[in-house]
Amino acid sequence: MPRVNYRSSDVDLMARMMRAEAEGEGKQGMLYVGNVIVNRLKADCLDFKGLRKIHDVIFQVQGGNFSFEAVQKGNVFYQRARSAEKRLAKQNLDYWRQHPGKYALWYFNPYAPCPPTWYGQPHSGQFKNHCYYEPKPGTCDSVYIGS
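Residues numbered from 1 in each chain as written. Predicted model: local features only at pLDDT ≥ 70, side-chain atom pairs only at ≥ 80, totals over all residues. Heavy atoms only, no water.

Considerations on the overall build of the protein
Secondary structure assignment for the protein yields 5 helices and 6 strands. Taken over C-alpha atoms, the radius of gyration comes to 14 Å for the protein, in line with the 15 Å a tight globule of 147 residues would show. Here the C-alpha coordinates of the protein stretch approximately 35 × 35 × 30 Å along the principal axes. Split by element, the accessible area of the protein, about 7,500 Å² in all, is 50% carbon and sulfur. When the 20 basic and 13 acidic side-chain charges of the protein are each reduced to a single mean position, those positions are 4 Å apart. (Helix = DSSP H or I, 4+ residues; strand = E, 2+ residues; numbered from the N terminus. Rg over C-alpha atoms; globule rule 2.2 N^0.38 Å. Areas by Shrake-Rupley, 256 points an atom, 1.4 Å probe, with all protein chains shown as cover. Lys, Arg positive; Asp, Glu negative; His and termini not counted. Charge placed at Lys NZ, Arg CZ, Asp CG, Glu CD.)

Structure below.
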């Protein structure tokens, strides 16, 4: 059973986002970004209440801006997803979760060392240039379901 329900258009959209956000960090980096996307859909807590589809996660607006930089800058569709990215997206949607993105709801590239917290959320780890953050204990238990 997949982690979330999805259609082929969700695989394509998620694959394009993973590529736009983390292509320079290779397959592993794209998988971690995919973890965050699926985690936000599963979470239904904090800033991620009411998200029901991959499209909702990718085009979510927070604080007047899109949540993902690739959407803010308009390059989420800079190229179509290749079959390799689609396979990675499908892995995330079906089963794949690993540290540091396993329970992460946020990531960013600080262009410096990772801060110990980000908007009050604890640092869960780093992969290449991206720092990952998971929710504080007791604030979003739904992200841990299906570990």
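Some thoughts on the packing of helix 1 (residues 8–22) against helix 2 (residues 26–43)
Taken N-terminus to C-terminus, the directions of helix 1 and helix 2 make an angle of 125 degrees; their axes are 9 Å apart at the nearest point. Regarding the angle of helix 1 to helix 2, the classification is oblique. Between helix 1 and helix 2 the crossing geometry is right-handed. Facing Met14, Met17, Met18, Arg19, Glu21 and Ala22 of helix 1, the residues of helix 2 in contact are Gly26, Gly29, Met30, Leu31, Val33, Gly34, Ile37 and Val38. Here the residues of the contact of helix 1 with helix 2 sort into 9 nonpolar, 3 polar and 2 charged. (Axes fitted to C-alpha atoms, helices over the stretch in contact; angles between N-to-C directions. Parallel < 35°, antiparallel > 145°, perpendicular 65-115°, else oblique. Left-handed = near helix turned anticlockwise from the far one by under 90°. Contact = heavy atoms within 4.5 Å. Nonpolar A, V, L, I, M, F, W, Y, C, P; charged D, E, K, R; others polar.)

Describing the environment of valine 4
Along the polypeptide, valine 4 turns up in the segment before helix 1. Of the residues examined, valine 4 reaches a relative accessible area of 9% and is grouped as buried. Taking the C-alpha atoms as reference points, valine 4 and isoleucine 54, 50 residues apart in sequence, are found 9.1 Å from one another. (Buried < 20%, exposed > 50% of the residue type's maximum accessible area, 1.4 Å probe, protein only.)

Here we look at the packing of helix 2 against helix 5 (residues 83–94)
Packing of helix 2 against helix 5 leaves a shortest axis separation of 9 Å and a crossing angle of 45 degrees. In terms of orientation, helix 2 lies oblique with respect to helix 5. Relative to helix 5, helix 2 is oriented so that their crossing is right-handed. Counting all contacts with helix 2, which are made through Lys27, Met30, Leu31, Gly34, Asn35 and Val38, the residues of helix 5 involved are Glu85, Leu88, Gln91, Asn92 and Leu93. When its residues are assigned to classes, the contact of helix 2 with helix 5 shows 5 nonpolar, 4 polar and 2 charged.

Thoughts on the pairing of strand 6 (residues 130–133)
Residues of strand 6 alternate between two faces, with His130 and Tyr132 on one and Cys131 and Tyr133 on the opposite face, all of them buried. Alignment of strand 3 (residues 106–108) against strand 6, held across 3 bridges, turns out to be antiparallel. Considered in strand 6, the bridge of phenylalanine 108 is made with cysteine 131. Relative to strand 6, strand 5 (residues 121–127) is paired through 4 bridges, and the arrangement is antiparallel. Each bridged residue has a counterpart across the sheet, and for glutamine 126 the counterpart in strand 6 is cysteine 131. (Pairing = 2+ DSSP bridges.)

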